[in-house]
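# Analysis of the macromolecular model
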Amino acid sequence: SKQVQERCHHDLKQILQLWHMVDMIDYNLKYWNETLWNDIDCEAIEDGTKVLFKQLRATDKTVKVTNTYAMTETNVKNFLSTIPLVSDLRHPSMRERHWEMLMELTGVKFVIDDKFKLSDLI
């Protein structure tokens, strides 16, 4: 019937919008992850992530029940929760000994040089 057809059209349109949103979020997260450590602007990244999260949350309820939505929401929340920590790590008071303690606690070794990116840390 016409009503079923209209509902299907609406749902497909919402799913397409969700996939566009997922694509935009993936693009931005990858871009920010490839940012060199010395070039990271935590405030801009946090603000941008909050905007993306707000847009994601504004999507239609028909797509909020999908695994795609749930996984994307989780990814954005996790990324957003790391930014304040990155900001703390970029603080001028961080010394070599602090980095050594961090590496010892996490069991992860890294070298902060001109090629060090956000993705090397998180």
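See above for the structure.
Reference entry: report on the structure contained in this document. Since this is a predicted model, take the numbers as computed values, not measurements.

What counts, and at which threshold
- Residues numbered from 1 in each chain as written.
- Predicted model: local features only at pLDDT ≥ 70, side-chain atom pairs only at ≥ 80, totals over all residues.
- Heavy atoms only, no water.
- Helix = DSSP H or I, 4+ residues; strand = E, 2+ residues; numbered from the N terminus.
- Expected span 1.5 Å × (residues − 1).
- Buried < 20%, exposed > 50% of the residue type's maximum accessible area, 1.4 Å probe, protein only.
- Axes fitted to C-alpha atoms, helices over the stretch in contact; angles between N-to-C directions.
- Parallel < 35°, antiparallel > 145°, perpendicular 65-115°, else oblique.
- Left-handed = near helix turned anticlockwise from the far one by under 90°.
- Contact = heavy atoms within 4.5 Å.
- Nonpolar A, V, L, I, M, F, W, Y, C, P; charged D, E, K, R; others polar.
- Arc of directions from axis to C-beta.
- Phe/Tyr/Trp six-rings, centres within 6.5 Å; stacked < 30°, edge-to-face > 60°.
- Lys NZ or Arg CZ within 6 Å of the ring centre and 35° of its normal.

### Notes on helix α3 (residues 67-89)
Taking 1.5 Å as the rise per residue, α3 with 23 residues should run 33 Å; its terminal C-alpha atoms sit 33 Å apart, in good agreement. Buried within α3 we find Y69, T72, E73, V76, F79, L80, T82, I83, V86 and L89.

### Quick word on the packing of helix α1 (residues 2-33) against helix α2 (residues 42-57)
Relative to each other, α1 and α2 sit at 165 degrees, their axes nearing to 11 Å. Between α1 and α2, the angle is such that the two are roughly antiparallel. Note on packing geometry: the crossing formed by α1 with α2 is left-handed. Contacts between α1 and α2 involve L18, M21, M24, I25, N28 and W32 from the first element and I45, G48, T49, L52, Q55 and L56 from the second. Broken down by class, the residue content of the contact of α1 with α2 amounts to eight nonpolar, four polar and no charged.

### Remarks on α2
Spanning 16 residues, α2 covers 22 Å between terminal C-alpha atoms, matching the ideal 22 Å at 1.5 Å per step. When α2 is considered as a whole, its buried residues turn out to be C42, I45, G48, T49, L52, F53 and L56. Looking straight down α2, one finds its buried side chains confined to an arc of 140 degrees; they lie on one side. Residues of α2 that are exposed and angled more than 90 degrees away from the buried face: E43 and K54.

### Thoughts on the packing of α2 against α3
At their nearest, the axes of α2 and α3 sit 10 Å apart, and the two run at 160 degrees to each other. Between α2 and α3, the angle falls in the class roughly antiparallel. At the point where α2 passes α3, the crossing takes the left-handed sense. In this structure, α2 uses C42, I45, E46, T49, K50, F53, L56 and R57 to contact α3, whose residues at the interface are Y69, T72, E73, V76, K77, F79, L80, I83, P84, V86 and S87. Split by residue class, the contact of α2 with α3 holds eleven nonpolar, three polar and five charged.

### Regarding the packing of aromatic side chains
According to the stated counting rule, one finds five aromatic pairs in the structure shown. Consider the rings of W32 and F79, whose centres lie 6.0 Å apart with planes at 15 degrees: the pair is stacked. Taken as a pair, W32 in helix α1 and F79 in helix α3 lie far apart in primary sequence, 47 residues in all. For the pair W32 and F79, a shared accessibility class is recorded, and that class is buried. Summarising the aromatic geometry, the rings of W99 and F110 are spaced 5.8 Å apart at their centres and angled 85 degrees between planes, so their arrangement reads as edge-to-face. You can see W99 sitting in helix α4 (residues 96-106) and its partner F110 sitting in the loop between α4 and α5 (118-121), a full eleven residues away along the chain. Overall, the relative accessible area of 8% leaves W99 in the buried class. The class for F110 is buried, based on a relative accessible area of 14%. The structure contains a cluster of three or more aromatic residues connected by ring pairs, namely W37, W99, F110 and F116. A cation over a ring is seen here: R90 above W37, with NZ or CZ 5.7 Å from the ring centre.

It is worth stressing that arrangement in space is one thing and function is another; only the former is reported here.
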